[in-house]
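# Per-entry structural report
The residues making up each chain are set out below.
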Amino acid sequence: MHDSTYRGRFAPSPTGPLHFGSLVAAVGSYLDARKRGGKWFVRMEDLDGPREAPGAAKAILRTLEAYGFEWNGKVVFQSRRSAVYSAALARLEHEKAVFRCACTRREISDSALSLAGEPIYPGTCRGGLPPGRAARAMRVRVGNEVIAFDDALQGRIEQNLAREVGDFIVRRADGLFAYQLAVVMDDFEQDITDVVRGADLLASTTRQVLLQRLLGCPMPRYMHLPVAVNRNGEKLSKQTLARPLALEDAPAQLVRALRFLGQEPPADLAAANVAEVWSWALSSWRTDTIPRQRSLPEPEAP
């Protein structure tokens, strides 16, 4: 299906080099956009300065180029967009959709746990700050309703935020804007129509849908891909010591990612060049063969 209005994106966090898990998300989002004749953008989610690895953003872009990715427009850096997030937060304040919170992480950790094992905010500061306490963060006031959306791969997703998450943070105690607010505003301002990313972000999508409603932003279409996990069942990441992508292994790693995503490239394609791999992938890409599991073991290295 050709859709010239399609606008997708890949949004890595520069906390370290790209690894196989990152590549899966990049390949899936890129092929979904290009197969449909759409545009594909790159955004650096570098809001959390203390976690950013020096030189990681440049290394990520260099790896994407070596692997044959071609993006539209300039790369967007979240760290340069504080004014946009401030304006969005001001609108939420004007609508009384957020409130100031004095709770520490330790205090919240004593609350009930969600199905995902995360503490559910108990609403301590909803009616105002406790006497003698100063505001630390800003939270969205969540209603007792089910937020739902249809995911192209995972099907119908429903979540009662009040019961399963609680009032969630949009500005942190250290003054940084939270991912949930930033991603909603970034997708809105870039006119993103389709979000293709890992299923590890599935649980946070309902929070983004709520913010989209509060801020008058259209909801993009979503497709959450299976996440690659190691032998211990842990998502590949810098923390779990995932191996960085080697520039010289681009064709083989691309083929490996295609197979992970349920495609069936010929065995000899791993010995081809990057352009040949992409030529096959763009002509053969099928979303109906992508596994619907939310996580899958990382395949053996080439």
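Located above this text is the structure these notes cover.
The structure presented is a predicted model; accordingly, all values stated were derived computationally and were not measured.

## Quick look at the overall build of the protein chain
From N to C terminus, the protein chain includes nine helices and twelve strands. Projected onto its principal axes, the C-alpha coordinates of the protein chain cover approximately 70 × 40 × 35 Å. Buried residues in the protein chain amount to 53% of all 302 residues. Across the protein chain, contacts joining residues at least 24 apart in sequence account for 76% of those joining residues at least 6 apart. Summing over all exposed atoms, the protein chain offers an accessible surface of approximately 14,700 Å²; the carbon and sulfur share of this is 50%. Computing the positive centroid from 40 side-chain charges and the negative centroid from 35, the protein chain places the two 5 Å apart.

## Digging into the sheet that holds strand β1 (residues 7-10)
Strand order in the open sheet formed by three strands is β1-β2-β3, with parallel pairing between adjacent strands. Strand pairing shows two members of the sheet lacking a second neighbour, β1 and β3 (76-77), which therefore form its edges. In terms of strand pairing, strand β2 (residues 39-44) meets β3 through two bridges, oriented parallel. Each bridged residue has a counterpart across the sheet, and for Arg43 the counterpart in β3 is Val76. The sheet contacts of helix α1 (residues 20-35) involve β1 and β2, and relative to β2 the element is tilted by about 150 degrees.

## Let's talk about the side chain of Gln154
For Gln154, the position within the fold is in the loop between β6 (146-151) and β7 (155-160). Of the polar contacts made by the side chain of Gln154, one reaches the backbone oxygen of His224; its length is 2.9 Å. If we ignore the near neighbours within four places in the chain, the residues touching Gln154 are Ala199, Leu202, His224, Arg292, Gln293 and Arg294.

## Quick word on the pairing of β2
Successive side chains on a regular strand alternate, one facing one side of the sheet and the next facing the other. The buried fraction of β2 amounts to five of the six residues, a majority that puts the element mostly inside the structure. The parallel pair β1 and β2, bridged by α1, forms a crossover whose chirality is right-handed. Crossover handedness for the path β2 to helix α2 (residues 56-66) to β3: right-handed.

Cut-offs and rules
- Residues numbered from 1 in each chain as written.
- Predicted model: local features only at pLDDT ≥ 70, side-chain atom pairs only at ≥ 80, totals over all residues.
- Heavy atoms only, no water.
- Helix = DSSP H or I, 4+ residues; strand = E, 2+ residues; numbered from the N terminus.
- Buried < 20%, exposed > 50% of the residue type's maximum accessible area, 1.4 Å probe, protein only.
- Contact = heavy atoms within 4.5 Å.
- Areas by Shrake-Rupley, 256 points an atom, 1.4 Å probe, with all protein chains shown as cover.
- Lys, Arg positive; Asp, Glu negative; His and termini not counted.
- Charge placed at Lys NZ, Arg CZ, Asp CG, Glu CD.
- Pairing = 2+ DSSP bridges.
- Axes fitted to C-alpha atoms, helices over the stretch in contact; angles between N-to-C directions.
- Polar contact = N/O pair within 3.5 Å; in protein donor to acceptor, adjacent residues only side chain to side chain.
- Right-handed = clockwise from strand over helix to strand, strands pointing away.

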